[in-house]
Amino acid sequence: MTTQDGKQKKPHWTAGQIPDQTGRVSVVTGANSGLGLATARALAHRGGHVVLAVRDEEKGRRAAAAITADAPGAWLEVRRLDLADLDSVRAFSDALHTDHARLDTLINNAGVMAPPRSAGAQGHELQFACNHLGHFALTGLLLDLLAAGERDPRVVTVTSVNHRKAHLDFDDLNGERGYGPMAFYDRSKLANAVFGHELHRRLTASGSPVRSLLAHPGYTATGLQTSGPTGLVKLLFGHVLRPLAQPPGAGALPQLYAATAPEARGGDLIGPDGPGELRGRPTRVPLAPAAVDAPTGRRLWEVSEELTDVRFPLPAAG
């Protein structure tokens, strides 16, 4: 393929380019629908052993049946995980350690978007609890299994293009002084980005074989825009603008690329290549300055360890 000036143009990356996943064990959070289901399906089609980590096990079983309907023999497990409840995160980790000696890929995909102000099981604001704290704790608790991964073990944390418009207010993480559903969604997605990049720094400094990458799906039509938001936010993102969104299979490509492409690098953020990064094929895109700010990364890490009581066996990067 060539451009008008005669230069060779690199073809778009597709799910068909996912390397053979035979022998690899992957955990995908929120795998019962949307991006998570599309990601689990693509990995299973390439021979991967996929753990569908879901809050509703019945929905998870239906998702697994949908995958095996067009991929007979797919190697799937359905396990319960409520990321807004740290006890559930620990129970999931304990059970996985009982049944698995290693883990090759963890895709921190699940999330909630713009609900009315509410709290998770431990009292933390729901979006911060589910989108960030649950994934922070899960990654820390599974890091030993990932370190035992045989081939290029990776953690992929899913953020949003909206992380660039957010600011972390460490004095009001629970929204007690003022809560805006979309503003706190954006904050949680910035927390994902800060965490993923700080994890990259610490893994690199420690010489760990595990790599941390980030991905965002652009604007993708999933249940995220309709199950959590209410009022104008639901009307706008769940209905008015929905025809402009790409399907889940396309939206999942950045996280699949981050999880599997040999050329993807630790610390990369992978997003769509179209205008505004709202749709398109996966490519490396920039992180917000706040996401790569070292003091912010250290502070969020320390706060997250305190709130989750999960300590990673990783020193702070210099």
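Residues numbered from 1 in each chain as written. Predicted model: local features only at pLDDT ≥ 70, side-chain atom pairs only at ≥ 80, totals over all residues. Heavy atoms only, no water.

A look at the overall build of the protein chain
Looking only at helices and strands, the protein chain features ten helices and eight strands. Each of the 318 residues in the protein chain was classed as buried or not, and the buried ones make up 57%. Counting contacts in the protein chain only where the partners sit at least 6 residues apart, residues at least 24 apart contribute 74% of the total. Only carbon and sulfur atoms are counted for the fraction: they give 53% of the accessible area of the protein chain, which is about 13,300 Å². (Helix = DSSP H or I, 4+ residues; strand = E, 2+ residues; numbered from the N terminus. Buried < 20%, exposed > 50% of the residue type's maximum accessible area, 1.4 Å probe, protein only. Contact = heavy atoms within 4.5 Å. Areas by Shrake-Rupley, 256 points an atom, 1.4 Å probe, with all protein chains shown as cover.)

A short note on the pattern of salt bridges
Overall, the coordinates contain 16 salt bridges when judged by the stated rule. The partner of arginine 41 in a salt bridge is aspartate 70, with the nearest N and O atoms 4.0 Å apart. Of the two residues, arginine 41 sits in helix α1 (residues 34-45) while aspartate 70 sits in helix α2 (residues 57-70), which places them 29 residues apart along the sequence. Residue classification places arginine 41 among the partly exposed positions, given a relative accessible area of 26%. (Salt bridge = Lys/Arg side-chain N within 4 Å of Asp/Glu carboxyl O.)

Concerning the packing of aromatic side chains
A complete count under the given rule lists eight aromatic pairs for this structure. Measuring from centroid to centroid gives 5.2 Å for tryptophan 13 and tyrosine 257, while their planes differ by 85°, and the two rings are edge-to-face. With tryptophan 13 in the segment before β1 (25-29) and tyrosine 257 in helix α9 (residues 253-260), this pair connects stretches of sequence that are 244 residues apart. Tyrosine 257 carries the same exposure label as tryptophan 13, and that label is buried. A centroid spacing of 6.3 Å and a plane angle of 65° characterise the contact between phenylalanine 195 and phenylalanine 312, whose relative ring orientation is edge-to-face. Of this pair, phenylalanine 195 sits in helix α5 (residues 181-206) while phenylalanine 312 is found in the segment after α10 (294-308), placing the two residues 117 residues apart along the sequence. Accessibility classification places phenylalanine 195 together with phenylalanine 312 in one group, the buried group. Here a set of aromatic residues connected by ring pairs shows up, and it is made of Phe136, Phe195, Trp301 and Phe312. Taking the ring centre of phenylalanine 184 as reference, the NZ or CZ of arginine 187 above it sits at 4.3 Å. (Phe/Tyr/Trp six-rings, centres within 6.5 Å; stacked < 30°, edge-to-face > 60°. Lys NZ or Arg CZ within 6 Å of the ring centre and 35° of its normal.)

So, the packing of helix α4 (residues 126-147) against α5
Put simply, α4 and α5 touch, their axes get as near as 7 Å, and they point 20° apart. In terms of axis orientation, α4 runs roughly parallel to α5. Our pair here, α4 against α5, has a crossing hand that is right-handed. Counted together, Gln127, Phe128, Asn131, His132, His135, Phe136, Thr139 and Leu143 of α4 and Pro181, Phe184, Tyr185, Ser188, Lys189, Ala191, Asn192, Phe195, Leu199 and Leu203 of α5 form the full contact between these two elements. When its residues are assigned to classes, the contact of α4 with α5 shows ten nonpolar, seven polar and one charged. (Axes fitted to C-alpha atoms, helices over the stretch in contact; angles between N-to-C directions. Parallel < 35°, antiparallel > 145°, perpendicular 65-115°, else oblique. Left-handed = near helix turned anticlockwise from the far one by under 90°. Nonpolar A, V, L, I, M, F, W, Y, C, P; charged D, E, K, R; others polar.)

Overview of the side chain of arginine 79
With respect to the helices, strands and loops of the structure, arginine 79 is situated in strand β3 (residues 75-80). One polar contact links arginine 79 to glutamate 77, side chain to side chain, over a distance of 2.7 Å. Look past the residues within four positions of arginine 79 in its chain and what remains in contact with it is Val51, Leu52, Ala53, Val54, Phe92, Ala95, Leu96, Asp99 and His100. (Polar contact = N/O pair within 3.5 Å; in protein donor to acceptor, adjacent residues only side chain to side chain.)

Re α10
A rise of 1.5 Å per residue sets the reference length of α10, with its 15 residues, at 21 Å; its end C-alpha atoms lie 21 Å apart and thus fit the reference within 8%. Listing the buried residues of α10 in full gives Thr296, Gly297, Leu300, Trp301, Val303, Ser304, Glu305 and Thr308. Along its buried surface, α10 packs onto α3 (86-99), α4 and α5. Aspartate 309 lies just past α10 and shows a positive phi near 60°. (Expected span 1.5 Å × (residues − 1).)

Here's the deal with the environment of leucine 213
With respect to the helices and strands, the residue leucine 213 is situated in strand β6 (residues 211-215). Accessibility expressed as a relative area gives 0% for leucine 213, which makes it buried. Sequence separation between leucine 213 and arginine 265 is 52 residues; the distance between their C-alpha atoms is 7.3 Å. What leucine 213 contacts, discounting residues up to four positions off in sequence, is Arg154, Val155, Val156, Thr157, Ala258, Ala264, Arg265, Gly266, Gly267 and Asp268.

Brief notes about α5
Between its first and last C-alpha, α5 extends 37 Å over 26 residues, near the 38 Å set by a 1.5 Å rise per residue. With 21 of its 26 residues buried, α5 lies for the most part within the structure. Glycine 207 sits one or two positions beyond α5 and adopts a positive phi of about 75°.

Observations concerning the confidence of the model for the protein chain
Looking at the protein chain, pLDDT values average 91 and 89% of them are 70 or higher. Residue range residues 1-9 is modelled with pLDDT below 50. Its contacts to residues more than four positions away, or to other chains, number seven contacts. (pLDDT = per-residue confidence, 0-100.)

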